[in-house]
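One-letter residues, chain by chain:
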Amino acid sequence: MRSRQLRTRVPFALRAAQSATGLTVDPAHPRPSVRLPAPGTRSIGEGGRWGLVLGGGGVLGAAWLIGALTALEEARGIDARDADLILGTSAGSIIGALLAAGLSVAEQRGQQLGDDTPFARLIKDVFDPDRPVGGSAPPLPRLRPGGASMLRNNRRTLRDLPFITLLAGLAPVGRQPMDGVRALIEAAVPAGEWAPHSGYRAVALDYETGRRTLFGAPGVPSVGLSDAVLASCAIPGWFEPVNLLGHRYVDGGMWSNSNADLAAGAGLDEVFVLAPMVSTAYDEPGDWRDRAERRVRVLSTRRVLNEARLVQRAGSTVTVLGPGPDDLRLIGHNLMAPARRRLVLQSAARSGRGALDDPAVPPAE
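Residues numbered from 1 in each chain as written. Predicted model: local features only at pLDDT ≥ 70, side-chain atom pairs only at ≥ 80, totals over all residues. Heavy atoms only, no water.

Quick notes on the packing of helix α2 (residues 58-76) against helix α3 (residues 91-100)
The N-to-C vectors of α2 and α3 enclose an angle of 45°; their axes lie 8 Å apart at closest approach. When the interaxial angle is binned, α2 and α3 end up oblique. In the packing of α2 onto α3, the handedness of the crossing is right-handed. Between α2 and α3, the residues in contact are Gly58, Ala62, Leu65, Ile66 and Leu69 and Ala91, Gly92, Ile95 and Leu99, respectively. (Axes fitted to C-alpha atoms, helices over the stretch in contact; angles between N-to-C directions. Helix = DSSP H or I, 4+ residues; strand = E, 2+ residues; numbered from the N terminus. Parallel < 35°, antiparallel > 145°, perpendicular 65-115°, else oblique. Left-handed = near helix turned anticlockwise from the far one by under 90°. Contact = heavy atoms within 4.5 Å.)

What follows is the structure in structure tokens.
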């Protein structure tokens, strides 16, 4: 009788990590961060210029970002508010705007965890962290494509747009307002005003042209900080597009989860990309919905790592940090469900410190 060789089944977590990063992954020692060194850069302690790129990821993504920033501050002995550039997309635009307004990571962490902090007292009547954007599912949208004009304006160059931008154009018009998020930002910076930090940028997608707008950058028309943040967070099909300067804007994540490439050429020695929708180390989810989310996450990770390499080639050392296996088990498949936000924040603070101390460093190209 002829013997049959049994095929060894590769675990989902290993396959996902290798597909996301293109690197050889040690299954016994997964690394949730990747460091891309650039020669000639100065460390922060030597006076090097540095920046933060804060990606999108919904309600749980915002909580994860606060935990990851806690880990970053502890690991590097820095204050996130001192970054020369704070580039935020979607949930990252909210956390970044509060940093740019002078609100520390510790203050944001205390507000999320229910501590009696000055900022928590200030916003207690206008912002509920357990219902920051309404429910964990959107109201029924208006059943017509929200970005029809964007698709028409780009009909000859549709192949040049990211696939997610095309999906955003086909998505129905969202109906959920973001009054709570507006109140949160305006508690820190009055309506119509900009943050005192000159290096803050919020990325939104122009729903008419299909191009990114970097609010706060030189040459971009001025808007209020809360308007820019809402534009960066307006997920198509869920939230109302934001009308500014004669254009409609939606979530900047509809171009890229992090838009990290916009940090290229900013004259920074080091860039930290903290991205809730990026993972270089995965869990073994049993629920099909969690597995589906992880497959989307693999695609997002590839894109963000490619963007990070562009920043590296422009002369900056880049560290990319995303949720690790423990974080992912808590996040599940719905990043808009706030029930687990405290657990996600605490997990990110724990896992992030170890990940930053022991990143994967790809071989030089």
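Section: unusual backbone geometry
Positive phi, normally seen in glycine, also occurs at Ser90, with a value near 55°. Along the chain, Ser90 turns up in the loop between β3 (85-89) and α3. Exposure remark for Ser90: the relative accessible area of 8% places this residue in the buried category. Positive phi is not limited to glycine here, since Asn259 has a value of about 55°. Of note, Asn259 is situated in the loop between β9 (247-251) and β10 (270-274). (Buried < 20%, exposed > 50% of the residue type's maximum accessible area, 1.4 Å probe, protein only.)

Quick look at the pairing of strand β2 (residues 50-54)
Burial analysis of β2 places five of its five residues in the buried class, the great majority of the element. Residues Trp50, Leu52 and Leu54 point to one face of β2 and Gly51 and Val53 to the other, with burial holding for every one of them. Bridge count for β2 against β10 is five bridges, and the pairing is parallel. Its bridge partner being in β10, Val53 is matched across the sheet by Val273. As paired strands, β2 and β3 are joined by four bridges and run parallel to one another. Each residue of the ladder has a partner; that of Leu52, found in β3, is Ile86. On the question of chirality, the crossover connecting β2 to the parallel β3 by way of α2 is right-handed. (Pairing = 2+ DSSP bridges. Right-handed = clockwise from strand over helix to strand, strands pointing away.)

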